[in-house]
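Analysis of the macromolecular model
Listed below, chain by chain, are the residues.
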Amino acid sequence: MAVVLIIVPLLGAALAAVIRANRWRPWVLPPIALVHLVLTILVLSRPDQPVAGQWLELDQWLALDPPGRLVLLLLSVLFLICSFYSIGYLYYRMELSNRIFCVGQLFFLAATTLVVCSRHLGLMWVAMEATTLATAPLIYFNRTPRSIEATWKYLLVGSVGIALALLGSFFLAYAAVQKGVDPSLLFDSLLRNAPLLSKPWLHAAFVLLLVGYGTKMGLAPMHTWKPDAYGEAPGAVAMLLAGGVTSCAFLALLRVNQICLAAGEGAYTGRLLVFMGILSMAFAAVFMVGQRDFKRMLAYSSVEHMGILVLGIGIGGPAIFGALLHMINNGLTKGVLFLSAGNIHRSFGGKTVDEVQGAMRRLPISGTLFLLGFLAVTGSPPFGPFISEFTILRGAFGFGRYVVGGVFLFLLLVIFIGMGRTVLTVVQGRPAPGARRTAYREGWLTCLPIIVAFALVLLLGLYIPPPLDNMLKSAARFLEVRP
Amino acid sequence: MVSVLNMLLVVVLLLNLFVLGASRIRALIQAAALQGVLLGLMLVLVHEHLTVRVIIIGVATILIKGSVIPQILFKALREAQIKREIEPIIGFLPSILLGALGTAASIGLAARLPLGAGHAQLLIVPAAFSTIFTGFLLLTLRIKAITQVIGYLVLENGIFIFGLLLIEAVPFLVELGVLLDLFVGVFVISIIIHHINYQFASLDTRRLSTLKE
């Protein structure tokens, strides 16, 4: 099944590559996304079925672990939302060829699915690198000097990060070789042999993997590519990066951390993760206050939420459940924010508070969703992120880590105020007399996907459906290994 | 066998110092390519029994690192019509000194790490650390986009050297995947370089500074 999940988007990409009409090509995206989601639900509803089948010993390499199930569901839902939005968006960009855009998106779906299904450290690494290569041309979609600059930084910083992750993977294997343990990079065998691994090499491996996959997640101080890439990419692409690529990198980090936990190094990794989490939130807070470009502001918000994710994992216990739930909430909320910000950007032809005011008056749906998305992402009730951030906070206080909890709350407050100023300037008032007005008008295809994403964010704040709750609980249990 | 391997690793270390001191980009590309060829040879040398699989990987490494990637870079160079890295952030002589310090530190670090049986008399670990450090120096101290790509390649070479210790543990698929990714990555990057050149009429990454706070 996992093989089919990867092959379907690849076939879609091939189809998108051969279609010659710019107008019809984007219509390949929704059917592929739908098939992917249906297959995902089929796979998730039968947890015991081997996902790869017996042939070629693939089931050793490709399998779905409990946290992987969560990420797969998130990816599939985000991609479906994005696929409908992309049609609406590309309708306004008919002057540009969208061949690379459509092929890249489908290739992205295949690569991220492969990351999720990999049970081998090396294969997962190859798939992560493939996601970088699939998304880089998407950032370059607008063909402006600024977008080239963003793509260049994304490729270079991302490639160096992923190279360090490879070195970390090698160190992990060497930790086994040095002790004469079976040096397999299959996660199952790494978990089994974890207590026997050489400690100095394991520590070094964790640091490199944290820096490497942390670069892909956009943890500070390796986040420098993020504001540029998210700021210059079309909203639909920024959404896939902020909700999809980052979640995959987080999943990679979860799996590495799990191996260290199994080796009895939880205290060591926990300290590093909490430190990186707080540092990322602090960086985001500093750069978000007084940010005039609202898409860059969203990028810093993504840095903040990546910090919250690793903070939750570093704290452990109930905070792991909180972090996993927060991954889902963050992905969906970033969808709402980036897509509505994309509509506002398209209508005003600018993305700074100097050019854009009165978005709610001109674009009632997108402006309102942007405001609601801001409330959700900063952790206001009754939206999903409130529940997950509260769970992480409760975990911190439950373990008696009052300083960590206090700093966490303080940074959330600073970010709320800093982000609020920018967002309110954008949505309130009326457009300036000389403000540009492009041909963009709100339509079903560019608004309904955002409404769906927002409905899911609201739903997760009020009620977590039992199947999802089960998946979250079994993933948290799976990750909380005790030696 | 050990002495041959160590001799090749010493050549790799010397090439590291060479790339830090070279100003002509052609020479830089050739040095990185030569490192790639040496890597392919060492990959075959570390195996006690030659199998078809080992020979295929070795030849593929030599072809991709030693020929395909340099050709792409040379093409980018011709299109961009640049020859030299004129204004490095840190001069060539200080760069070489930094590289030499890095090499010394790598040897010291490798001596302190616990190594597996038979690995201590090999220079693989210090050579890997030193090459990775050289890659980082090129990435941070040079401003031409193409020199930074070469820095990335040298960094990857260093990681590959470390991989020699584990060639038995890393299966075929991953080895090929590593090479393929490297290849595709550089391919895409050189397309981008071409566009940077087209848009900015220069390959100077200092001009890529509109996006900042």
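About the criteria used
- Residues numbered from 1 in each chain as written.
- Chains lettered and ligands numbered in written order.
- Predicted model: local features only at pLDDT ≥ 70, side-chain atom pairs only at ≥ 80, totals over all residues.
- Helix = DSSP H or I, 4+ residues; strand = E, 2+ residues; numbered from the N terminus.
- Rg over C-alpha atoms; globule rule 2.2 N^0.38 Å.
- Buried ≥ 20, exposed ≤ 12 C-beta atoms within 10 Å, placed from the backbone.
- Contact = placed C-beta atoms within 7 Å.
- pLDDT = per-residue confidence, 0-100.
- Expected span 1.5 Å × (residues − 1).
- Core = buried A, V, L, I, M, F, W, Y, C linked by C-beta atoms within 7 Å.
- Axes fitted to C-alpha atoms, helices over the stretch in contact; angles between N-to-C directions.
- Parallel < 35°, antiparallel > 145°, perpendicular 65-115°, else oblique.
- Left-handed = near helix turned anticlockwise from the far one by under 90°.
- Nonpolar A, V, L, I, M, F, W, Y, C, P; charged D, E, K, R; others polar.

A short note on the overall build of chain A
Tallying secondary structure elements over chain A gives 20 helices and 0 strands in all. For 483 residues, the compact-globule formula gives about 23 Å, and the C-alpha radius of gyration of chain A, at 21 Å, lands near that figure. Expressed as lengths along the three principal axes of its C-alpha atoms, the size of chain A is roughly 70 × 55 × 45 Å. The buried share of chain A, taken over its 483 residues, is 63%. Residue pairs at least 24 apart in sequence account for 80% of intrachain contacts in chain A once pairs closer than 6 positions are excluded.

Structural notes on the overall build of chain B
Scanning chain B from terminus to terminus reveals 7 helices and 0 strands. Counting only residues that meet the buried cut, chain B has 45% of its 213 residues in that class. Sequence separation of 24 or more characterises 74% of the internal contacts of chain B that already satisfy a separation of 6 or more.

Quick word on the confidence of the model for chain B
Residue and element names in this part refer to chain B. Looking at chain B, the pLDDT average stands at 82 and 79% of residues meet or exceed 70. Within chain B, the element-level pLDDT minimum falls on helix H7 (residues 172-200), averaging 66, and the maximum on helix H5 (residues 124-141), averaging 92. The ipTM for the predicted assembly is 0.90, set against a pTM of 0.93.

Observations regarding unusual backbone geometry
Residue and element names in this part refer to chain A. A cis amide bond links Ala220 to the next residue, Pro221, at an omega of -5°. As for its placement among the helices and strands, Pro221 is situated in the loop between helix H9 (199-217) and helix H10 (225-232). Residue Arg143 is not a glycine yet carries a positive backbone phi of 60°. Counting through the fold element by element, Arg143 comes out in the loop between helix H6 (121-139) and helix H7 (145-178). Judged by the 11 C-beta atoms lying within 10 Å of it, Arg143 is exposed.

Structural notes on H7 of chain A
With 34 residues, H7 of chain A ought to run about 50 Å at 1.5 Å a step, and its terminal C-alpha atoms sit 49 Å apart, in line with that. One or two residues past the end of H7 of chain A sits Gly180 of chain A, with phi positive at roughly 70°.

Describing the nonpolar core
With 250 residues, the main nonpolar core has Ile139 and Leu324 of chain A together with Ile124 of chain B as its most contacted residues. Looking at this core, the element that brings in the most residues is H7 of chain A, giving 22 residues. Setting aside residues no more than four positions away along its own chain, Ile124 of chain B makes contact with Leu9, His119, Ile161, Phe162, Leu164 and Leu165 of chain B.

Observations regarding helix H1 (residues 2-18) of chain A
Since the α-helix turns once every 3.6 residues, residues separated by three or four places project in the same direction. Relative to the 24 Å expected for 17 residues at 1.5 Å per residue, H1 of chain A spans 25 Å between its end C-alpha atoms, a close match to the ideal helical length. Contacts from the buried residues of H1 of chain A go to helix H2 (29-45) and helix H5 (99-117) of chain A.

Looking at the packing of helix H1 (residues 2-21) of chain B against H5 of chain B
Residues and elements named next belong to chain B. It is at 10 Å that the axes of H1 and H5 come closest, and there the two elements cross at 15°. Classified by the angle their axes make, H1 and H5 are roughly parallel. Where H1 crosses over H5, the handedness of that crossing is left-handed. In this structure, H1 uses Leu9, Val12, Leu13, Asn16, Val19 and Leu20 to contact H5, whose residues at the interface are Ile124, Ala127, Ser130, Thr131, Thr134, Leu137 and Leu138. Here the contact of H1 with H5 is composed, by residue class, of 9 nonpolar, 4 polar and no charged.

Quick word on the environment of Asn6 of chain B
Residues and elements named next belong to chain B. As for its position among the elements, Asn6 is in helix H1. In this structure the C-alpha to C-alpha distance between Asn6 and Pro126, which are 120 residues apart in sequence, comes to 11 Å. In this structure, Asn6 is in contact with Leu122 and Leu123, ignoring residues within four places of it in sequence.

Brief notes about the packing of H9 of chain A against helix H11 (residues 235-262) of chain A
All names here are of chain A. Where H9 contacts H11, the two axes come as close as 8 Å, and the packing angle between them is 170°. With respect to each other, H9 and H11 are oriented roughly antiparallel. From H9, Leu202, Phe206, Leu209, Leu210, Tyr213, Lys216 and Met217 reach across to H11, where they touch Val245, Thr246, Ala249, Phe250, Ala252, Leu253, Val256 and Cys260. Here the contact of H9 with H11 is built from residues that sort into 13 nonpolar, 1 polar and 1 charged.

Describing the environment of Gln148 of chain B
All names here are of chain B. Looking at where Gln148 falls in the secondary structure, it is placed in helix H6 (residues 145-163). Residue classification places Gln148 among the buried residues on the basis of 23 C-beta atoms within 10 Å. Along the primary structure Gln148 and Gly135 are separated by 13 residues, whereas in three dimensions their C-alpha atoms are 8.6 Å apart.

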